[in-house]
Amino acid sequence: MKAFSYGVVPYIVDGNTLKILMNKTSKDSKYNFFKGKIDKGETPMDCACRELHEESSILVDNNSFENYYEQKSTKKNIGIWMVQFQDYPSITIEEKEIYSYEWLTIDEDTMWSYPISKNQSNIYYNVIECLTPLLNYIKNTKTD
């Protein structure tokens, strides 16, 4: 039976920058979304909320979920919802699963330079595509 994992990509507008929260599962791993396997009887949205909280201590309500993106593979299907935060949430990572986390700056110079896990690269592309209008707005209204 194919596994299903669901998660969340938090994002934030910080002044003149746009950032998304991602993690690494080891020192040498590529960036991943906060996600995990769905439990029996659990809805995909409940799974995404639970996994974000278990891995980062961030509480989120599925009423704040925005766009949804999915990447299918022969081993596992992954679904990710976007959630905008107004302020940086307090984070305590689950060290058994997460090595580190980072708010990645999304701009024209950096957004394609991050090493993203292959089985999540299509979702990353969709997230960036979705955030591009917001990025352009921030860039065009930039005040120094």
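What counts, and where the lines are drawn
- Residues numbered from 1 in each chain as written.
- Predicted model: local features only at pLDDT ≥ 70, side-chain atom pairs only at ≥ 80, totals over all residues.
- Heavy atoms only, no water.
- Helix = DSSP H or I, 4+ residues; strand = E, 2+ residues; numbered from the N terminus.
- Buried < 20%, exposed > 50% of the residue type's maximum accessible area, 1.4 Å probe, protein only.
- Polar contact = N/O pair within 3.5 Å; in protein donor to acceptor, adjacent residues only side chain to side chain.
- Contact = heavy atoms within 4.5 Å.
- Salt bridge = Lys/Arg side-chain N within 4 Å of Asp/Glu carboxyl O.
- Core = buried A, V, L, I, M, F, W, Y, C linked by side-chain atoms within 4.5 Å.
- Expected span 1.5 Å × (residues − 1).
- Bend = angle between axes of the 7 residues up to and from the residue.
- Phe/Tyr/Trp six-rings, centres within 6.5 Å; stacked < 30°, edge-to-face > 60°.
- Lys NZ or Arg CZ within 6 Å of the ring centre and 35° of its normal.

Draft legend 1. Highlighting unusual backbone geometry. With a phi close to 70°, Ser57 is a non-glycine residue in the positive phi region. In this structure, Ser57 sits in the loop between helix H1 (44-56) and strand E4 (68-71).

Draft legend 2. Seen up close, the side chain of Gln120. Following the sequence through the fold, Gln120 ends up in the loop between strand E6 (100-105) and helix H2 (121-140). The class for Gln120 is buried, based on a relative accessible area of 0%. One polar contact links the side chain of Gln120 to the main-chain amide nitrogen of Phe33, over a distance of 2.7 Å. Each residue touching Gln120, except ones within four places of it in the same chain, is listed here: Asn32, Phe33, Lys35, Gln71 and Ile78.

Draft legend 3. Expanded view of the pattern of salt bridges. Taken as a whole, this structure holds six salt bridges when the rule is applied. A salt bridge links Lys72 to Glu70, with the shortest nitrogen-to-oxygen separation between them at 3.8 Å. You can call Lys72 exposed: its relative accessible area is 61%. With its nearest N and O atoms 2.6 Å apart, the salt bridge here joins Lys139 to Glu108. On the criterion of sequence distance, the pair formed by Lys139 in helix H2 and Glu108 in the loop between E6 and H2 is long-range, its members being 31 residues apart.

Draft legend 4. Region of interest: the nonpolar core. Ranked by size, the top nonpolar core spans 23 residues in total, and within it Ile20, Met22, Ile106 and Tyr124 carry the most contacts. Listing elements by their share of this core, those giving two or more residues are strand E1 (3-14), strand E2 (17-24), strand E5 (76-85) and H2. Looking at which element gives the most residues to this core, the answer is H2, with seven residues. If we ignore the near neighbours within four places in the chain, the residues touching Met22 are Tyr31, Asn32, Phe33, Phe34, Ser100, Tyr101, Glu102, Leu104, Ile116 and Tyr124. If you look at the next biggest cluster of nonpolar residues, it comprises 19 residues, including Ile58, Phe65, Val83 and Trp103.

Draft legend 5. Structural view of H2. Helix length check: H2, at 20 residues, gives a terminal C-alpha distance of 28 Å against a target of 28 Å (1.5 Å per residue), a fit within 8%. The sharpest bend along H2 comes to roughly 40°, located at Thr132, with the proline Pro133 sitting one to four residues further on. Within H2 the residues assigned to the buried category are Ile123, Tyr124, Val127, Ile128, Leu131, Leu135 and Ile138. Of the surrounding secondary structure, the elements contacted by the buried residues of H2 are E1, E2, E4 and E5.

Draft legend 6. Broad picture of H1. For H1, with 13 residues, the first-to-last C-alpha span of 18 Å sits near the 18 Å given by 1.5 Å per residue. Those residues of H1 not exposed but buried are Cys47, Ala48, Cys49, Arg50, Glu51, Leu52, Glu55 and Ser56. Lining the buried residues of H1 we find E1, E2, strand E3 (34-37) and E5. Phi turns positive one or two residues past the end of H1, at Ser57, with a value near 70°.

Draft legend 7. Focus on the packing of aromatic side chains. According to the stated counting rule, one finds seven aromatic pairs in the structure shown. With a centroid separation of 6.0 Å and 85° between ring planes, the pair formed by Tyr31 and Tyr114 is classed as edge-to-face. One end of the pair, Tyr31, is in the loop between E2 and E3; the other, Tyr114, is in the loop between E6 and H2, and 83 residues separate them in sequence. Each member of the pair, Tyr31 together with Tyr114, is buried. Ring plane angle 80° and centroid distance 5.1 Å describe the contact between Tyr88 and Trp103, whose orientation is recorded as edge-to-face. On the criterion of sequence distance, the pair formed by Tyr88 in the loop between E5 and E6 and Trp103 in strand E6 is long-range, its members being 15 residues apart. For Tyr88, a relative accessible area of 37% gives the class partly exposed. Residue Trp103 is classed as buried on the basis of its relative accessible area of 14%. Its end group placed over the ring of Tyr31, Lys24 keeps NZ or CZ at 4.9 Å from the ring centre.

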